[in-house]
Structure formats: C-alpha cells, structure tokens
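# Examining the three-dimensional arrangement
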Amino acid sequence: MLRALTAEQIRDWFTVGKTVTAVEFLGGEAHAGAPRSPLGCPDGPREPPVAAGLPSTERGGTEYAEKYRQVEAQKLDVFGNDQCVYKPDTALPKCEPSVGNSVPVTDYKYPDMPIARHKEEVGLEKVATKETRLLYMTAGILLQKAVYAKSLTEFTHIFIDEVHERTEEMDFLLLVVRKLLHTNSQSVKVILMSASINCEEIADYFALPVHNGLNPAYVFKVEGKRYDIEEYYLDDLKHIVRSQLPSQQAEKPVIVKEMYEVAVSLIQSFDELEMKCNGENKTSSLPSERGSVLVFLPGLNEISCMHSCLTNMFNKRWQVYPLHSRVTLEEQSNVFLTPVPGYRKIILSTNIAESSVTVPDVKYVIDFCLIRTLVCDEETNYQSLRLCWASKTNCYQRKGRAGRVSNGYCYRLVYKKFWRDCIPEKSVPEILCCPLGATVLKIKRLDMGEPKALLATALSPPNLSDIERTILHLKELGALTTCVQAEENPHDGELTYLGRVLLHLPVDLHLGKLIVLGHTFGCLEECLIIAAALSLRSIFAVPFKHYIDGYRSKLFFSGNSKSDCIAIVNAFKAWQVCRQKGELRHPKDELGWGRSNYIHIKKVREVAELFNLLKTRVGEFNMFINTQPSAVDEEYVCKQRFILQVVMAGAFYPNYFTFQKCNEEVAVRDLAGKDPKTTVLVKNIPPYGYLYHKQLQSLFRQCGQVKSVVYDGSRAFVEFSHNPMEGFKILPAVYMSIKMSQLKIPLELDVHYPDDIKRQLQHVPAASMESLRVNVDYQKQTVEPVEISFGTSELSKMIPNRLLSISVTEIVEVGHFWGYRIDEKNRTVLQALTVEINYHNLMDLSVSPYPELVCLAPFTCLENRGYYRARILYVSGDFAEVFFVDYGNRSKVPLKKLKEIPSHLQELPFQALEFKICKMRPSAKSLVCGERWSYSASQRFASLVNGYTLLVEVYSVVNSVLHVDAFRYSRHKDLVNIRDVLIEECYAELVEESYKSQQSHDLLKGLFIDQIKEEEKTSVPSREEEKHLIERLLNCFSGSRSGAPTHKVTVFGPFSPYEVKCYSMTKVSQFRSAFIHRESINSVVVDDAPEDSFQQLLVAASLSLNANGSTVLLEETSLMPPIPGLLALLSMLFAPAIELRIDESGKNFTGVLCGLGWSQTRGVPLLPENDMELTFDVRFGVDDISEINILRTAINKLLCECAAYSEQEKMTQLQENIRQMLLSLICKSRPRDNTVPKWYEKPYEWNQVDSQHIIDQSEKQQEREDGLYQLHKLVVLNV
C-alpha cells in the first residue's frame, strides 16, 4: 500500500536547504490482493518526459525469462520492507539521514553534496568510521560491495540516482538489490531517483507479493524551481529554412549539408532575437549580452564539419569551442571561459554535455537529435558505434542544459511529426546490447544460481544466446573452467583463479588478464600502467584539427616498438621521472610539459591513481612489482620490452591480425625506383608543376625536411632528408605524410592557367616543357631537368671493379657502414680535392648553419687542420655535428670554424660510399635483445671490421647503397666472410635479397661483363636549353611580375605503394575489412622488408565494428617483431586448444587450428567464430609443441603458487624460469627452416587427426582449479 506521507515529511527526509514547490503521489491506493491501478502522469513541460515503455524490439531467445520469473515469484514471501521510486524534476537532492548509514549512489565520482559527517568512497577504499552517517559512491562500487557481501544490511537506506540511464551496471545493480531485498536484506530502505524515470516499469519491477497479487513500489514526485525553456522544431523555423530540406527517415539517421546550414542560420538569428527580447534599438549591430549556444552533435567528424561551417563565416564575433573526450584539456576547459565582451560562445559537443559536463551560461541548445550508441554485433560479439536517433529521454536531458541561470531555448532540428512518430521514447537498455562478461563473473561470485537463471529476472532480460556465448568467451579467456563438477556443460563453469582476480579489478577482463600474465612473466609494473591507461580516456591529446602533431608525439614515445601500449608506458614513465626530478613541482610547469608533449596531464594523474589502486588490489593476490636489477643494460631493457609484447599477445588473444604482402615489382615501378624509406608519391600535379615547388615543400614542412622533389608528368616524388648515421628504417616523415592523406588534410596549390605559361615559351614546343622530368634539389638549391639514362656510367664511376678495397670509417649498425675506396686512383682524387679546397681563401658562412647544408669543415681528430667537404647533420648550441661526404666519418665542429664551399666544389661527386652486407638479416636473438641488432651483435661486428682493410664484392646498388659480400683477412691470411661469422655465432640469419637488389645485380653483371663505356643520354645542348627555359619560367611566375595565381588545384596523396593493409586471423572476421584506428601508431604501416615471406603479427587491445558491420576497427595495436614463425608460436602458446595439421606423408606439420576446441558430447566446435586456421611458413616439430606445453605447465604452476601465497623469493624464481623458457622457445640457436605455406584442405574442421597418432598429455597434468592453460595434444609424426 502507498503510505500517506505529508509534504513536510518528504521534505525532511530528502532535502536540506532546497525549495520544494510540490509533492505529488503518482497512483491511487493499491488494494491488497489485487494489482495496483496504472500510475498517473505527472505535470510537466509541454512534452512529458515519461514514456509509456521501451520501443518493442524483436529479439529471440527471451522466452526463458518468463519461465524463470514465474519460478521466482512462487518462491517469494511477503516482506514488509519499504521501496519507493522517487522522480525529481531537478538535479539530485541533498539528503541527510538522522541515524544509520545511508548510501546515495551516483554515476558521478564527486557529486556536489556538502553535508557534514559524510565520506566519498572510491575504489572500495575503507573510508567509513563509526561517526560516518552518509557515504557517497558510484553504482559500480555499491555493486561490488553487494556482490562480495551478498547482502545489503551494511546500510539502512540506499539512494540510487540516474536510474533512467539503464547502463549494464545499473540494470545489474537493480537486479542484485531486488534479489537481496527478497532474501536477506528486507529491512533496508531503497530509494530510486531520476528526472525522467519510467515510474510504472520500475515500480512493477520492485513489486512485493501480497495475497494473490503484487503490490508495486511507492511512487512520488518532488518539483523544484527552474527557468522556462521554450521548445522549437523545424516546423517553427520557416524564417530560417528557406529551401526544401531532404526528408528525414527513421532508418537512415544522418546530418545532410543543408542541416548544418540551418544550424548556422539559426545561430545568426539569435542576435535579432536577443535585441527584440531586450527591447534594444534595432539600429545597433549587436545585442549588449549574447547568450552562449550549445550544439549537440553525434561525433568528432560532425563536430569538425560544424566547426568548419562556423569558422568560414566572416565578420562574425563567435568563439567556437569543440567539446569531446579526445581533444586536449585546454580545449575542453575553454568551454567554461566567459566569452570576450561582444562575442558569442558556441560549444560543439557530443552527449558528453548531457550529464557529465555542465556549462552554466548556456542559453540556447541546438539538438540534431542524433547519438552514437554502442551495439554488440550478434555474429562477432564485437561492439560498434552506430549513428542513430537519440531517444526522447536523451533529448530532454539535453534540453535541461539550457535555462540554468535564465530562460532558455531548445531547438530540435527535426519536424514535429518526426519527433512524435519516429524518435524513440527510451534508449535500448545497455544490458541488451553489450558484452556481459563482467556481469556473469559477478553472478558466479554471488552463487545464486546459473547465470541465465539469474539474468532472466533482470528488468530487461538479455538474449539467452548472448548469455551462452558470453560464458564461452569467459572460458576462452580462462576465467571459467571448461566443466562444472567434471560434467561437461558448455554454458556454465566455475570461477578459476584468474576469474577471482578479475572480479576484484575495476578494469576490462582482457586488461585484468594482462595484469595476471604480466605478473607471470615478470613485467607487472608495465602491465598495470597499460591496464590503468586503457581503462580511462587516452592520455595522448589530439589537438583539434592538428592531428599530425599528436601523432608525431605518440610516434616519438613508442620508440621503435610500433606499439601503442608501449608508447603509453614510456609517456607515463617520462612524466614520473620528471616529477621525481622536481621539474614539475608547479602546476604551470606540469601543464607546459603536457602541452609540449601532447599529453593530457589530468588524465595522466587519473592513470596514476588507478595504477596505485590496481597495485594494491593485486597485492592482495600475492602479486607484487619486482625491484629492477641494480645493473640494467640495453639488452635487458629490450628483452623486457619483447616479453611485454608477448604478454600483450597472450592477454588480447584472439585479436590477431597479419598483413597482405606488398607486390614489390609493382611497388618499385610505381615509386619509380625511389627509396620507400624516404620517399612518398603525390599525384594530380598540375602542368608545369615544378614552378610551384616552394608551395609543395611548404605543404610537407610539418612532416619533415624535404631533400628533393622529382616531377614526372602529373606525379611528384617527395624525398625527405635522413641522417646517414641512422639505420635502415622508414623515416617518421614518411609516416606523417601518409597520415596526412589518411586524415584527408587538403593539399592545395595556387597555380596559373597553362595557357598563360605557354605564352611565355613563345616558339618552344609547349608539350615538352609541360611534362618535363625535373629534379628540385633543396640541398643544392637547384632546379634542373632529369637526365634520361640507365645510370650505368655513374655506376661504372662509383664501382670501377666488382672487387673493391675499402677503409671503414663509420659503423651505422651491424652490416651497415660507411667507408671509402683506398685504391690508387681514388687516393689521387681525394688528395687533389684536398689541395683544391685548401688552396682557396676560405670565407665564413654567409647564412646561419642549418641541417643538410653542405659546407667546409675541419676534421678535429687529425693533426692536419685542413678543411674537407661536409654536410651538417644537426646544430646544438655553438657546435654542429657534420658528416664528411668524401670519407664517411663525422665530427663535432664549432660553428665559427665552418666555411662556405665554392660552388664548383659542391657539384663534384661525393666520394664516401655507403655499404650493406647482402643476404643477411638479424636473428631472432638479435631482434629480441636489441632495437634491431643486440648490443653483443654490434660489438662483435665492430671487432670484425674495425682496424681492418676490407675486401668487398659488390652484389648490387640499391638507392646509392652498395650491397656487398665483405671479407677480411684472418691471422692465417685466409679470407673470412663476415656474414658467415655472424650467422655461425647466431647474430644473423640468411635471407633472400629484395627484388630491386636482384634487378640491380643482373644489371651489374652485364656492366662488368661488357664494360659499357658509352650510353644513350640526353644531349648536353638540349639539357642546357631546358635548364635555361626552366629558369626563365621560374623568374617569370615566381615573382610578382606575372600577377597572382589564378586558381587552386588539389593534389592527391601522399601515397606509398609499399603501404600494406591488415586482415583478421579469426574465422568470423577473415572476410571483413580491417581498419586500424587513426590515432594508433600502426594506422600507417609501410612494408620495409617486402622480400620477407613470413607473416608478421599485429595484436589489437580492443576490436569494434563499423556501423554496417563490414569492417573491423582495431584500437591500441602492437606490431610484433619480424621473427619468422612468431605468429604461429604465440597462437599455439596462448590458444585454449589446438589441433595440428600434417601433410599427406605424415612427416611434417603444415599448420594448426587454434580455438576453444570441440564439444565431444554435442559434436560441434565450442566457439567456432574465434577459431584461427594457420599455415606454417617455418618448420615446427614435436619438440616445439612439447616446449609450449612445458611453458604452459610452468605458467599454471606459478598461478597455483600465487593462490597459495608462496614466498616472494620462490615466485621470482618461477618468473625467471618462465622468461627463460619463452626466450628459449623463440630464439633457437639454429633458425627454423623456411617452408612453403600449404593451406589445409578442410579449414576450421576439428577432429581431423587419427586418434591413434595422438598423445594426450592432459591425463598427466595435475587437475588444478587455478590452472590457466590445458596441455595440447601431441601428434606423432612418421619418421
């Protein structure tokens, strides 16, 4: 029955110092023994914010819910506890109980409730004392408390706010509260509150059984004062909408271009509206006070479009601010600034401004009535953000953002009829469309029945198939056992040790597994940082419309790891180190550091808080951060990073991807033989494109320093400068350039019409000059036609013989070095050059020194103080690091000693040569223990070449680098092949040369056989004439004489034909496109070794789908080192079960099927969508599978000891054993042989191996509840 409470009683119970204008009970007296009559509707604004119910959706598999609810109703007794549904019109009221502990539950971390004797409880910290009468906590914390205590009796009253939001957490909390109220917590008073609650639905859900019926919970309404807010629709904006708008369709939510224009016109009309309301003189151009505008848009792309529309309006005094979780902290904070007098503040926001952020001075709300919601795909179980129409509940929340300090206006950009008929009343509850893993684990902890039985009693029961699939995913994760009490039940299981840990951690389940595996492999600290960071918003700031700068910063923090997660670790540790050094004591210093490094300081602090909380939580499970060894060398750091990457592969299984191979022959042709590590391609270059080379250089300035541009018809090849002392890797500038294309940053040139240029050429054939191949060299500051030749004459000058004697001057890395020829002819050339340089009266530099400048510099290490030709690498203070272009060494030189180089000396060919030992790549051991080559490999190579005269045999010339076989004389005067020594000592392994190198090799064979001396090339007079015409056109169209350019041309790109795309390894996504999130480091992947035939593994921390489900979206990715066979090894190591494939002879393994396995009783795969069919590209044997099983056993043993709270010293020893086993598995003394991949004829089919050939080791495995991995079955091969 409804209690007869007076308004005074309710005021005393709920409010302190707040005016309550009216209290109204909704519904009449409920007679005992009969269901209560329908609830009455409250008085409210024009459109009542209470809906009749959720829109009907056809979802199969929910019939089970009715069955379980009927069973539950039969078990219920009549209890006398009080439950009420409270519906406020305003914000959460302040409340103060007189006695006992009360808990207001909110979705906000720090609600604004200044009440005495209260505590804010965050992260289950024990903050309550005997004096505490009021606790504030989030819904998640209350849920955790209830799950662990299995009771609510710790409290006398529980206030739960924002019930209408219907998140998964909120729905499950209501389920648990309702269950406990019916069992062991009958005396607790529960008050549910919301400004837009569906009273009847909630009241009926919490109904209590009486004689032959149910008595719903009490419902009442409390009104507060608020300013009036006027609502308008498109029908009311005829003075704004002057053209016919496209019709809006319920099934096609979209913002058309015309709708953006309507919003802009609407904002323009506010000046007239305000002047009219204020009674100001119409002759005045602007009102004295201009109210702020809040525009609700569904995402960052729409915010960007709207921002462009507004900022393109001239002479409008508008301050436009984006509000999105991904923009920088400064940009977010700008929305709270008071606008400059006479200006109007316009905020472009997603639904973050619905409840999370409140801007008090908003007068106008413009609502496009759209939202992006998370939907769980039924086939893949991936989530996707889909654009849909916002519910009326959302729109009422948005409307409430106005009218806080004065009367407000809400403009909904939909027609009234569309609003009435097509906009849904309520959004779909999250529990129906999101993964239920964490919820199922809590149900197992509650121990109140199997998951599908308890979830059937939810306010909106999820689909039965969703629950069953969730349980299978938890088994794949290792959080649930594969059977219950030795009886196979694929849709239930008991909590494992991992499952119990996950229950205790406030992070995603895969991140929880990352922490446990991090402890197992001895990299817990890094995993705690990653888990904390990925649980919150990204710490990397992306300045609005300055995405390249943010990408560059993240690329820097990642180092050479190609991992978003490692970039997070490095950025967080850099912040920690600066704080420990005292460099960030002042908040301004800290904010400045964050601004310069594109880091959210506020979010980094939040990560630090969560990191400390997680560290405390896992400590309760006997997991502690190991103290680092006192002596940490470079190889230890690199090994630690590799092990961390392996741990990520284990935690995020089966989010595995690999890459389509680059067609090297086509790529070489498309890039005209240029170096893909330094060069990008631009298309749609206008005629006479070389006239605009300064503009093109300027467009690429944000990417890196442009060395040269080669124009070839409608294409241009942009080459960036690189440090000759750096190894062979893709330049960051190449990544930045391709990133520009990916972000659709427009590249526009201001150009002249071709006819105007032709008139300047007079009698010269225009066609020849229009598409002339021209090279612009910014280093030499020349613009010249490109010689058309095969390059054999230049090769013959560089390599007079196939065998060369050289002196090594600088080692870049193993197998990569600089030197010069020491034959008599070259020695004469160098001596003559030195005499020529020092003969001149040298002048000081006429310009300030800058990188890439060619000048003259002394070599300070020599007694001879003569000058040599040099290129500046970088300038630091009063010194410059220079590279001597005729010898290949470098030195640090005072700036004042640098001299100008005479022009005729600058044009002479440089004599230093760059060498690379051919047919060699780093071994797995070198890759694991170094950036590319380990420190010990570098030391060994240096010992082989330093101080020796090398004899090199030229194999090929690729991008001016000589690929060679290098020999040195041993003590016994025998020639020793340096590559053979490195391979023998396991520092390197043999590899095929690239297509481009093999082409060059074939050309060189002809060169040395035929000794070609002459060749066809452009005649000198013709080339000089073209050069003269180019200079003439540049003089004419670069200055002011020809007038301003007449129009714009947009060039396409930049591109790299070596860019590769990834694809999924799992069955469910193998035919879907894969797209890496644009903020990921690996959103641009350029194949730097197309000659490698093996597959490289890419791991994603999280996956989602695009709106139509055709594309898998990858976030927080990590590219594993290029080690042959690594993809298969890690898949077999971390898969729950595998089945090996064998060839027809039964002598070799050809591949493996990885997945959750096969159900013997049901005769079907357990989780077929996540099965992965792999083909081997290297040979694996039975010994490899045995090693994997031994490693899996060691992991299980460590977790068992962890559960038994063994001593830390024993745990450390077990961790070290596991690390050594892993490295031994990956880094074989002799590399595994390559094999041609052979696709299995029955892919994704289990039980394909004759049982007589299978050795099942699981019987030998001790049955441990805490085991994470089962032992794989071995297949006996025919010898």
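Residues numbered from 1 in each chain as written. Predicted model: local features only at pLDDT ≥ 70, side-chain atom pairs only at ≥ 80, totals over all residues. Heavy atoms only, no water.

Under the annotation held in an unreviewed UniProt entry, the protein chain carries the name RNA helicase and is attributed to Anser cygnoides.

### Notes on the sheet that holds strand 12 (residues 292-296)
Spelled out, the test is: Strands qualify as paired when DSSP identifies two bridges or more between them. Every helix listed is a DSSP run of H or I at least four residues long, and every strand listed is a run of E at least two residues long, numbered separately from the N terminus. A fitted line through C-alpha atoms represents every axis, and for helices the fit uses only the stretch in contact; the resulting angles, taken between N-to-C directions, go from 0 to 180 degrees. The contact rule is simple, with two residues in contact once any of their heavy atoms fall within 4.5 Å.
With respect to topology, six strands assemble into an open sheet ordered 11-18-15-12-14-13, the strand pairing being parallel. The outermost strands of the open sheet, each flanked by one partner alone, are strand 11 (229-232) and strand 13 (318-323). The average undirected angle you get between the axes of adjacent strands in this sheet is 20°. With respect to the sheet, helix 7 (residues 300-311) is in contact with strand 13 and strand 14 (344-349), its orientation differing from that of strand 14 by roughly 155°. Of the strands in this sheet, strand 11, strand 12, strand 15 (362-367) and strand 18 (408-412) are in contact with helix 10 (residues 392-399), which crosses strand 18 at around 145°.

### Focus on the pattern of salt bridges
Quick reminder of the rule: Every case where a carboxyl oxygen of Asp or Glu lies within 4 Å of a side-chain nitrogen of Lys or Arg is listed as a salt bridge. Exposure categories follow from relative accessible area, calculated using a 1.4 Å probe and restricted to protein chains: below 20% of the type maximum is buried, above 50% is exposed, and the middle band is partly exposed.
In the structure shown here, the tally under the stated rule is 47 salt bridges. Among the ionic pairs, Asp171 bridges to Arg166, the shortest N-O distance being 2.7 Å. Note on accessibility: Asp171 and Arg166 belong to one class, buried. Asp1233 is paired through a salt bridge with Arg1230; the nearest N and O atoms lie 3.5 Å apart. Connected through shared salt-bridge partners, Arg166, Asp171 and Glu201 make up one network.

### Examining the packing of aromatic side chains
Stated precisely, the cut-off is as follows: Each Phe, Tyr or Trp ring, with Trp reduced to its six-membered ring, pairs with another whose centre is within 6.5 Å; inter-plane angles below 30 degrees give stacked pairs, above 60 give edge-to-face pairs, and intermediate values give tilted ones.
Taken as a whole, this structure holds 25 aromatic pairs when the rule is applied. Ring centres of Tyr232 and Tyr411 lie 5.2 Å apart, and the angle between their planes is 15°; on these two criteria the pair is classed as stacked. Remark: Tyr411 occurs in strand 18 and Tyr232 occurs in strand 11; sequence separation between them is 179 residues. Given a relative accessible area of 24%, Tyr232 falls into the partly exposed group. Centre to centre, the rings of Phe817 and Phe915 are 5.3 Å apart; their planes meet at 15°, and the pair counts as stacked. Here Phe915 lies in strand 34 (residues 913-917) and Phe817 lies in strand 29 (residues 816-821), a separation of 98 residues in the sequence.

### Some words on the side chain of His164
Definition in use: Here a polar contact is recorded for every N or O atom pair within 3.5 Å, except that within protein the pair must consist of a potential hydrogen donor and a potential acceptor, and residues adjacent in sequence are included only if both atoms are side-chain atoms.
Here His164 lies in the loop between strand 6 (157-160) and helix 4 (168-181). In terms of polar contacts, His164 uses its side chain to reach the side chain of Ser194, at 2.7 Å. Contact partners of His164, with chain neighbours within four places excluded, come to Ser194, Ser196, Ile197, Thr393 and Gln397.

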